[in-house]
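As a plain string of letters, each chain reads:
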Amino acid sequence: MKDKYFGMSPRIAQWKIDTPFENWLSYKADKSEFWKSVYVKYYRFFDKKYYKCGLQSIKRIIQDCKYDFERYGDEQHLIRDMIYCLHRFGISFKDYCIYGFVDKNYHCRMSFVADKLRYYYCDILNEQNVLPLMTDKYACYQQYQKFFKRDVLGCYNEMDRDAFIAYVRKYKQFIFKPLEEHSGHGIKIISARDVDVYTFFTEMIKKGAFVVEELINQGKEVSIIHPQSVNSLRVLTFVLGEKVNIIGVTWRIGVGSAVMDNAGSGGIYASVDPKYGFVQTDAINYKGEHFNIHPDTGVQIVGYKLPKWDEALSLIHDIATHIKGTTLISWDIAYSDKGWLMVEANDNGDWSIIQSNKGIGKKVELYAYMDEYFESVEK
């Protein structure tokens, strides 16, 4: 049967040929390797460009994860299965590896919120003004300023040079974030003593708009886990009226000398109990490695109790209901010497760190909230 809330967002490349024949063929592919092979050949013939690019990506991923896949032997079978999962479920090749799909059956695979589908969910659930607000980090800061508890400046063109110079005079160290990047890429700590601020501004603005942020001084209770990075939480919420439902909470932790905690930048992450604020699982990374204790500091991860969790829950409720129409949002929050604060918001935040620790898909829970949401809209 067809996914209840299936749809394709215009924000991303078309990843499925949604026709009655393709749908019939996909159901046949669920039943046998023969029909799966036919299904993959269908895409190889009718979507040659997408198929060719996908094949190149798969081979890179298989090479990167060769030790995880070597016991399966047949590389062609693996390639076929990954292409099938992309078009059948909307699962990216990266998430195929992160979720361990190679070992999962059809029903388990269907239970995961797919990388491609989450764009569509956000399109139909969030108000139209939410996407541009969440995409522009400075516009988001202006709307949620009281929750940030720090000073942020947006730089879009040469006209912002004077404001930038004044900012640097006030804050000798600051966080630099390109507006166009994600997963922590391009983010770095800048010291005014180490750069010529005029040259720095000129070079950076040529590459695109950016924001600079006052450094977050991490609270000592959390700093012990990894002091070099701000170890933030990814919190996924679904708002129904004034009720904020927390679908998942993940603690992102830096490793080594990295100032970033993002898994996409090499960090590790662990699931947190949303009610009581303690860590429920080992921390893992995108390579599938597990850490019961932090590899650098030796601090026990499983069972760690995050500080002042009632305050964190209060912040989550307040930011999730601050603006009407932010129905399905991924929030990043952190514990600082000023208490819990907002780091940023994402209209389409990555779900892999929410679903992979426990290996349990969130689609059933999400669809229950969506059912309730659309029932209330129709009334």
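Bear in mind the structure is a predicted one, so any value in this text is a computation, not a measurement.

Comments concerning the packing of aromatic side chains
And step 1. Under the definition given, this model contains 39 aromatic pairs.
And step 2. Measuring from centroid to centroid gives 5.4 Å for Y42 and Y43, while their planes differ by 85°, and the two rings are edge-to-face. As far as burial versus exposure is concerned, Y42 and Y43 are alike and both buried.
And step 3. When the ring of Y144 is compared with that of W331, the centres are 5.6 Å apart and the planes differ by 65°; the resulting orientation is edge-to-face. Taken together, the residues span a long stretch of sequence, with Y144 in the loop between α10 (137-143) and α11 (145-148) and W331 in strand β10 (residues 328-336) at a distance of 187 residues.
And step 4. Through pairs of rings, three or more aromatic residues link up here, namely F21, W24, F34, W35, Y39, Y42, Y43, F45, F46, Y84, F89 and Y106.
And step 5. Its guanidinium or amino end placed over the ring of F45, K48 lies 5.4 Å from that ring's centre, counting from NZ or CZ.

Examining the state of the cysteines
And step 1. For the coordinates displayed, the defined rule picks out zero disulfides.
And step 2. Summary of cysteine pairing: C122 is not part of a disulfide, and the nearest cysteine sulfur, belonging to C140, is at 14 Å.
And step 3. Given a relative accessible area of 2%, C140 falls into the buried group.

A word on the packing of helix α3 (residues 48-64) against helix α5 (residues 75-89)
And step 1. At their nearest, the axes of α3 and α5 sit 11 Å apart, and the two run at 125° to each other. Looking at the two axes, α3 sits oblique to α5. Pair α3 / α5 crosses with right-handed handedness. Along the contact surface, α3 presents Y50, Y51, L55, I58, K59, I61 and I62, while α5 presents E75, L78, I79, M82, I83, L86 and H87.
And step 2. The class makeup of the residues in the contact of α3 with α5 is eleven nonpolar, one polar and two charged.

Comments concerning the packing of helix α8 (residues 115-125) against helix α17 (residues 363-378)
Helix packing for two helices is described by the angle between their axes and how far apart those axes are.
And step 1. Running from N to C, α8 and α17 cross one another at 20°; their axes reach a closest spacing of 12 Å. Classified by the angle their axes make, α8 and α17 are roughly parallel. In terms of crossing hand, the pair formed by α8 and α17 is left-handed. Note on element contacts: α17 touches α8 through K363, L366, Y367, M370, Y373 and F374, opposite Y121, I124 and L125.
And step 2. Partitioned by chemical class, the residues of the contact of α8 with α17 number eight nonpolar, no polar and one charged.

Considerations on unusual backbone geometry
And step 1. Look at K149: it is not a glycine, yet its phi comes out positive at around 60°.
And step 2. The phi torsion at K308 lies on the positive side, around 45°, for a residue other than glycine.
And step 3. Among the structural elements, K308 can be located in the loop between β9 (290-291) and α15 (309-320).

As for the pattern of salt bridges
And step 1. Taken as a whole, this structure holds 21 salt bridges when the rule is applied.
And step 2. Residues D30 and R88 are paired through a salt bridge, measuring 2.8 Å at the closest nitrogen-oxygen approach. Highlighted residues: D30 in the loop between α1 (20-29) and α2 (33-46) and R88 in helix α5, separated in sequence by 58 residues. With respect to burial, D30 and R88 carry one shared label: buried.
And step 3. Ionic pairing is found between R161 and E158, a salt bridge with its closest N-O pair at 2.5 Å.
And step 4. Residues joined in a network through salt bridges with shared partners are E33, K36, R80, D81 and R109.

Quick look at α8
And step 1. Among all positions of α8, only D115, K116, L117, R118, Y121, C122 and L125 are buried.
And step 2. On the buried face of α8, the contacting elements are α3, α5, α6 (93-98), β5 (233-240), β10 and α17.

Section: the sheet that holds strand β1 (residues 152-155)
And step 1. Taken together, four strands build an open sheet; the order of strands is β1-β4-β2-β3 and the sheet is antiparallel. Each of the sheet's edge strands pairs with one partner strand only, and the pair in question is β1 and β3 (188-191). The sheet shows a mean angle of 30° between the axes of neighbouring strands, direction not considered.
And step 2. Bridge count between strand β2 (residues 173-178) and strand β4 (residues 210-214): five bridges; the pairing is antiparallel. Residue pairing for β4: P178 is matched across the bridge by F210.
And step 3. Strands β1, β2, β3 and β4 of the sheet are contacted by helix α13 (residues 197-207), whose axis makes an angle of about 135° with β4.

Describing the pairing of β10
And step 1. Burial analysis of β10 places nine of its nine residues in the buried class, which makes it a mostly covered element.
And step 2. In this structure, β5 lies alongside β10, joined through six bridges in antiparallel fashion. Considered in β10, the bridge of V235 is made with W331.
And step 3. As paired elements, β10 and strand β11 (residues 339-346) share seven bridges and run antiparallel to each other. Each bridged residue has a counterpart across the sheet, and for A334 the counterpart in β11 is L341.
And step 4. Turn length for the β10-β11 hairpin, with the two strands adjacent in sequence and antiparallel, is two residues.

Thresholds applied
Residues numbered from 1 in each chain as written. Predicted model: local features only at pLDDT ≥ 70, side-chain atom pairs only at ≥ 80, totals over all residues. Heavy atoms only, no water. Phe/Tyr/Trp six-rings, centres within 6.5 Å; stacked < 30°, edge-to-face > 60°. Buried < 20%, exposed > 50% of the residue type's maximum accessible area, 1.4 Å probe, protein only. Helix = DSSP H or I, 4+ residues; strand = E, 2+ residues; numbered from the N terminus. Lys NZ or Arg CZ within 6 Å of the ring centre and 35° of its normal. Disulfide = S-S within 2.5 Å. Axes fitted to C-alpha atoms, helices over the stretch in contact; angles between N-to-C directions. Parallel < 35°, antiparallel > 145°, perpendicular 65-115°, else oblique. Left-handed = near helix turned anticlockwise from the far one by under 90°. Contact = heavy atoms within 4.5 Å. Nonpolar A, V, L, I, M, F, W, Y, C, P; charged D, E, K, R; others polar. Salt bridge = Lys/Arg side-chain N within 4 Å of Asp/Glu carboxyl O. Pairing = 2+ DSSP bridges.

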